[in-house]
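Overview (structure and organization)
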Amino acid sequence: MNPNEHKTVNRRMALLIALSTVVIALYVLRLVFLQLINDEYFRAQATSTTDYKFTVTAARGDIVDAAGRRIASTTTGYNVVLSKLLMGEKDLNETLQQVVEILKANGESWNDTLLISEPDAAGQYHFTNDPESESDQNTLASTKEALGLQQYATAQDVMGKLVEDYELGDWPLYWQRVLGGLHYQMQQEDYSNLNNFTLAEGVSDATVATIKEHSLELPGVEIVQTSARSYEMGTVLPHVLGRVGKITAEKWKVTDENGQVTYPLREKGYNMNDVIGISGLESVYEDQLRGKDGVKTITRDADGVIVDTRLTTLPQPGYTVQLTVDSLFQQAVDQALANNIDWINERYNKDSAKAAAGAVVVLNVKDGSVAAASNYPSFDQNLYAAQYGEYSKDPGLPLFNRALQGLYTPGSTFKPAVAVAALDTGLVNQHSTVYCNGVYNYYKDYHPRCTRHGHSGNIDLFTAIKWSCNIYFYDVGRRLGSDVYNAYAYKLGMGVKTGVEVGEALGRMTTKNDPNYIESLDVQAAIGQGNTVVTPVQLATYAATLANKGVRYRTHFVKAILDTNTGEVISRTAPEVMDIIEDHDGLFDQVEKGMVGVSDTVAGLMDYPYTIACKTGTPQRSETFLVGNTRKHYTNTMMVAYGPVEDPQIAIGIVIEYGGGGARAGNLVADIFDAYFALQNGTLTLPQTEAESGDPAAQPQAPAASAPAAAPAQEMESEVDASPEGAVPQPEDTAQEDASSPQTEG
């Protein structure tokens, strides 16, 4: 190598060494930057994770009877839930198809509320909304709005938009409908990494097993244990308990008159697919029954790998709502009402309109708590969904809560209220009399009548109540005026809200502001006819107020709120006085004396071991029938009662539609008292064989306090022509077709 070449090599070596030194220096500087200067930042990046929180629904609280027996409880079920977070790269449509195939094979349904049919043979779709359903119309309008379509869009237009939005063009028509419906539902329920989607609810064990067997093929498809509402006594108080259901779109998204959209339930912590109380006590006590949801936290690292799943907040079950009603007594009253209706039809209504419906309310006199509230016919909570179509079409209206919402002309059961008003105002005393000759001749062109059953001539208060003298109450009612006796009726509990926690009808009195009012209407209203209508629960409240010598308590179904875990009483319903009529000069004793006199004329009560005070009523209905050449009105059976008179315990209000004479409820009152006393002494029980079989129709048995009578001693029914001279016309819109002609009744 010559000197020049040597120099060249040396220069190149020096250059390489210099370059290597620079590169090494850069690496050293980078390492210093990574490990020393930004060590904490990059360490955090290497170990970064994201937490995703999901709601764990709390078990709904139980509803129990006065003795602690479960009426409504929570049972364990299983839902199929889709988790986007856990699904990974698996195609969503393929996953949905696989799960739907499993559900179909096991006869399950899935979460799809889209009101569009499957395609017909021609590939056409149709809306499935009920044209008469406002809810369906609103849902359909919301669907079109959410998809950006005009309100005149057809079912074909809606499906076309779904296929376009969710890229379903390559799928067969059937699967376009299935997947389109599911995608739309998922969108409505905000399906995301943070919000799972419930694909199917309450699935069978077979579905649970199949999905678990295919879990590797179905990432993100989970079987989640959940709670479902179960009614262990499905026929006990179904109208009062109410129902639960999923949150509807209308309740979830609320738009006010200004177009402002709010989500009130979301603000209270609900998810869109949550179950909520929608009627009855389930709705009224939603906050107490709901409980506090828990939180499940899923942790995912920077690469999307799930590194941890844990329950970070335990769910707390809802409180237990305890009722004032004992379920055994309730079932005994249910059966007694049904038996009485059957007896009336067998004995009296063989060839005429059948007594096919009625209601009974029983109250505890001491505090206004409800001991029983029976409707006939009724329904089974556990069969509600499956048999809703049959229930809703039944002409007997089993879904209608007659006990709290049925409006009926009270008839002569109203007369004690007029008596209280007359005594308290000093218009009459126990010795005052009114002459009864069967016709009231005060008005020139209107002469209402009285049957004079068991009485005639000068009639005092006791006799007027005992034998239900119309002439006495026509005259006293006219002299008092409807304004006065209505005021007392309100204070006694008629035509006003009784205070029960669930919905009740208000009822009404006959007033001078009524469109059809004329002066003679005051005498009709004084015997509980005219435009006056009341509910069975108001009749029972009225009877309890008479028993309490003018003290009216708030009527209520709930006894206490209990901690589900410990049984500790969280709150208790205290007796609440709603109104008082002062018992001047023993006026209530005078009224009670007359009501005890009524019991002395009624089969089932006249020989009863305890003294019962009652008042019958036989208000006429608008419908008529022919007896020979005479047209008569059908009548309802009405009764108010309380006892034992020496120390009143319970008060009763009874209505039987088309039942006829009010005295026909005498044996029913006796049966109710029998059951009550059996409950008190511990002998009211379910028949052993039926109770063990779990038959929901098994009825309690009570030892009879007295032998049942063969027939009422007296019917006290109206025997007067249904179209008397000068009869005042009745309003045609009286609730429950109870408008009656202004006639005599007892």
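What you see is a predicted model; the values in this text were computed from it and never measured. (Residues numbered from 1 in each chain as written. Predicted model: local features only at pLDDT ≥ 70, side-chain atom pairs only at ≥ 80, totals over all residues. Heavy atoms only, no water.)

Quick notes on the overall build of the protein
When helices and strands are counted, the protein shows 25 helices and 25 strands. Across the 746 residues that make up the protein, the buried fraction comes to 50%. Once local pairs closer than 6 in sequence are excluded, the contacts in the protein between residues at least 24 apart make up 72%. When the accessible area of the protein is evaluated, it comes to approximately 33700 Å², of which 50% is carbon and sulfur surface. (Helix = DSSP H or I, 4+ residues; strand = E, 2+ residues; numbered from the N terminus. Buried < 20%, exposed > 50% of the residue type's maximum accessible area, 1.4 Å probe, protein only. Contact = heavy atoms within 4.5 Å. Areas by Shrake-Rupley, 256 points an atom, 1.4 Å probe, with all protein chains shown as cover.)

A few points about the state of the cysteines
Tallied over the full model, the rule gives zero disulfides. Counting only cysteine sulfurs, Cys469 is the nearest neighbor of Cys436, a cysteine outside any disulfide, at a range of 3.7 Å. Not engaged in a disulfide, the cysteine Cys450 finds its nearest cysteine sulfur in Cys436; these two sulfurs lie 4.0 Å apart. (Disulfide = S-S within 2.5 Å.)

Some details on the packing of aromatic side chains
This structure, assessed with the given rule, holds 22 aromatic pairs. An angle of 65 degrees between the planes, with centres 5.6 Å apart, marks the rings of Tyr676 and Phe677 as edge-to-face. The same class applies to Tyr676 as to Phe677, namely buried. Directly above the aromatic system of Phe462 lies the positively charged group of Lys593, at a separation of 5.4 Å from the ring centroid. Over the ring of Tyr658 we find Arg621, and its NZ or CZ is 4.0 Å from the ring centre. (Phe/Tyr/Trp six-rings, centres within 6.5 Å; stacked < 30°, edge-to-face > 60°. Lys NZ or Arg CZ within 6 Å of the ring centre and 35° of its normal.)

Some thoughts on the sheet that holds strand S24 (residues 637–643)
Taking strand neighbours across the sheet as the criterion, the five strands line up as S14-S13-S25-S24-S21 in an open arrangement whose pairing is antiparallel. Both edges of this open sheet fall to strand S14 (370–376) and strand S21 (613–617), since each of them pairs with a single strand only. The mean inter-strand angle of the sheet, taken between neighbouring strand axes irrespective of direction, is 5 degrees. Lying on the sheet, helix H14 (residues 327–347) is in contact with strand S13 (357–364), S14, S24 and strand S25 (650–657); it crosses S14 at an angle near 40 degrees. Across the sheet, helix H24 (residues 666–680) touches S13, S24 and S25, and the angle it forms with S25 is around 140 degrees. (Pairing = 2+ DSSP bridges. Axes fitted to C-alpha atoms, helices over the stretch in contact; angles between N-to-C directions.)

Re the sheet that holds strand S10 (residues 294–301)
If you walk across this open sheet you meet the three strands as S1-S10-S11, and the pairing is antiparallel. Since the sheet does not close on itself, it has two edges, and those belong to strand S1 (49–56) and strand S11 (306–313), each with one partner. Along the sheet, successive strands turn relative to each other by an average axial angle of 20 degrees, direction set aside. The pairing of S1 with S10 spans eight bridges and is classified as antiparallel. Each residue of the ladder has a partner; that of Lys53, found in S10, is Thr297.

Things to note about the side chain of Asn79
Examined against the element boundaries, Asn79 turns out to sit in strand S3 (residues 70–82). A relative accessible area of 10% places Asn79 in the buried class. A polar contact is formed between the side chain of Asn79 and the backbone nitrogen of Gly202, at a distance of 3.0 Å. Ignoring sequence-local partners within four residues, the contact set of Asn79 consists of Thr198, Ala200, Glu201, Gly202, Glu222, Ile223, Val224 and Thr226. (Polar contact = N/O pair within 3.5 Å; in protein donor to acceptor, adjacent residues only side chain to side chain.)

As for the pairing of strand S18 (residues 558–562)
With four of its five residues buried, S18 lies for the most part within the structure. As paired elements, S18 and strand S19 (residues 569–572) share three bridges and run antiparallel to each other. Among the inter-strand pairings, Leu562 is bridged to a residue of S19, identified as Val569. Counted between consecutive antiparallel strands, the loop separating S18 from S19 contains six residues, among which Gly567 sits at a positive phi close to 80 degrees.

Quick notes on the nonpolar core
One finds Phe329, Val362, Tyr472 and Phe557 to be the most contacted residues of the largest nonpolar core, which totals 124 residues. In terms of residue count, H24 provides more of this core than any other element does, nine residues in total. Counting 35 residues, the second largest nonpolar core, distinct from the first, contains Val80, Leu114, Trp171 and Val178. (Core = buried A, V, L, I, M, F, W, Y, C linked by side-chain atoms within 4.5 Å.)

A closer look at unusual backbone geometry
Geometrically, the link from Tyr376 to Pro377 is a cis peptide bond, its omega value of -5 degrees lying close to zero. As for its position among the elements, Pro377 is in the loop between S14 and helix H15 (388–393). Here the amide bond leading from Gly643 into Pro644 is cis, since omega sits at -15 degrees, within 30 degrees of zero. Examined against the element boundaries, Pro644 turns out to sit in the loop between S24 and S25. Although it is not a glycine, Leu237 adopts a positive phi angle of roughly 50 degrees. Judged by its relative accessible area of 3%, Leu237 is buried. The phi dihedral of Ser468 is positive, around 55 degrees, even though this residue is not glycine. Inspection of the secondary structure puts Ser468 in the loop between helix H18 (461–466) and helix H19 (470–480).

Looking at the pairing of strand S22 (residues 620–627)
Direction of pairing for S22 relative to strand S23 (residues 630–635): antiparallel, over a ladder of five bridges. In the sheet register, Thr624 faces S23, and the bridge partner there is His633. Between S22 and S23, which pair antiparallel one after the other, the connecting turn spans two residues, and Gly628 there sits at a positive phi close to 70 degrees.

A closer look at the packing of helix H17 (residues 415–425) against helix H20 (residues 482–492)
In helix packing, the relevant descriptors are the interaxial angle and the interaxial distance, both defined with respect to the helix axes. It is at 9 Å that the axes of H17 and H20 come closest, and there the two elements cross at 115 degrees. In terms of orientation, H17 lies roughly perpendicular with respect to H20. For the crossing formed where H17 meets H20, the hand is right-handed. Contacts between H17 and H20 involve Ala417, Val418, Val420, Ala421, Asp424 and Thr425 from the first element and Val484, Tyr485, Tyr488 and Leu492 from the second. Broken down by class, the residue content of the contact of H17 with H20 amounts to eight nonpolar, one polar and one charged. (Parallel < 35°, antiparallel > 145°, perpendicular 65-115°, else oblique. Left-handed = near helix turned anticlockwise from the far one by under 90°. Nonpolar A, V, L, I, M, F, W, Y, C, P; charged D, E, K, R; others polar.)

Brief notes about the side chain of Arg290
With respect to the element layout, Arg290 can be found in helix H13 (residues 286–290). With a relative accessible area of 17%, Arg290 lands in the buried category. Here the side chain of Arg290 touches Gly269 through a polar contact of 3.0 Å, landing on its backbone oxygen.

Notes on empty space enclosed by the protein
Scanning all chains against the criterion turns up three cavities of 30 Å³ or more. For the largest cavity, the calculated volume is near 40 Å³. Contributing to the lining of the largest cavity are Thr235, Leu237, Pro238, His239, Gln330, Asp334, Ala373, Ser374, Asn375 and Ser378. Examining the composition of the lining of the largest cavity, we find that three residues originate from one element, S14, more than from any other. Tallied by class, residues from the lining of the largest cavity come to three nonpolar, six polar and one charged. (1 Å grid on protein atoms, 1.4 Å probe; cavity = no way out; pocket = protein on both sides within 12 Å on 5 of 7 lines; lining within 4 Å. Points joined across faces, edges and corners; volume = space filled by probe spheres on them.)

Considerations on helix H7 (residues 173–188)
Between its first and last C-alpha, H7 extends 22 Å over 16 residues, near the 22 Å set by a 1.5 Å rise per residue. Counting buried residues in H7 gives twelve out of 16 residues, a clear majority hidden from the surface. Where H7 is concerned, the buried positions are Trp175, Gln176, Arg177, Val178, Leu179, Gly180, Gly181, Leu182, His183, Tyr184, Gln185 and Met186. Buried residues along H7 sit in contact with S3, helix H4 (92–105), helix H5 (134–146), helix H6 (155–165) and strand S4 (197–200). At the C-terminal side of H7, Asp190 shows a positive phi close to 60 degrees. (Expected span 1.5 Å × (residues − 1).)

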